[in-house]
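Structure at a glance
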Amino acid sequence: NEAARLLSDQGSLMMMLPFPHLASAIVECHDLGLHYRNVIIWHETFGSYTEANLTSCYRPILYFTKSPTN
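Presented here is a report on the structure given in the accompanying data block. No experiment lies behind these values; they were computed from the predicted model shown.

1. Section: the environment of E2
Structurally, E2 can be placed in helix α1 (residues 2–6). Separated by 62 residues in sequence, E2 and F64 place their C-alpha atoms 15 Å apart. Only 2.5 Å separates the side chain of E2 from the side chain of R5, close enough to count as a polar contact.

So, in structure tokens, the structure goes:
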């Protein structure tokens, strides 16, 4: 809430979140008046090691703007 409030009219906001939280973050930011622009993929060339599961090798970064045209 505070980041959206402090953002200038031409400002941008980027958030790196775990994959399970992406959809709810998009909805919450939309409710705050921010406009979804795109997702940036931070690709890692290594994965986290776990014996029983595969893990992500990327981190999604959500990109929002305060203005619908910027």
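There is more to say, and it comes next.
2. Considering the environment of A4
Counting through the fold element by element, A4 comes out in helix α1. The exposure class assigned to A4 is buried, which follows from its relative accessible area of 10%. Discounting chain neighbours no more than four positions away, the residues touching A4 are L32, L34 and K66.

3. Digging into a nonpolar patch on the surface
On the surface, a cluster of nonpolar side chains totalling about 470 Å² of accessible area is made up of F19, Y36, V39, I41 and Y58. Counting residues per element, the nonpolar patch draws most heavily on strand β2 (residues 35–43), at three residues. Positionally, Y58 belongs in strand β3 (residues 58–65). On the basis of relative accessibility, which here comes to 31%, the residue Y58 falls in the partly exposed class.

So, how was this worked out
Residues numbered from 1 in each chain as written. Predicted model: local features only at pLDDT ≥ 70, side-chain atom pairs only at ≥ 80, totals over all residues. Heavy atoms only, no water. Helix = DSSP H or I, 4+ residues; strand = E, 2+ residues; numbered from the N terminus. Polar contact = N/O pair within 3.5 Å; in protein donor to acceptor, adjacent residues only side chain to side chain. Buried < 20%, exposed > 50% of the residue type's maximum accessible area, 1.4 Å probe, protein only. Contact = heavy atoms within 4.5 Å. Patch = residues over 30% accessible without salt bridge, like charges linked within 9 Å, V, L, I, M, F, W, Y side chains within 5 Å. Areas by Shrake-Rupley, 256 points an atom, 1.4 Å probe, with all protein chains shown as cover. Salt bridge = Lys/Arg side-chain N within 4 Å of Asp/Glu carboxyl O.

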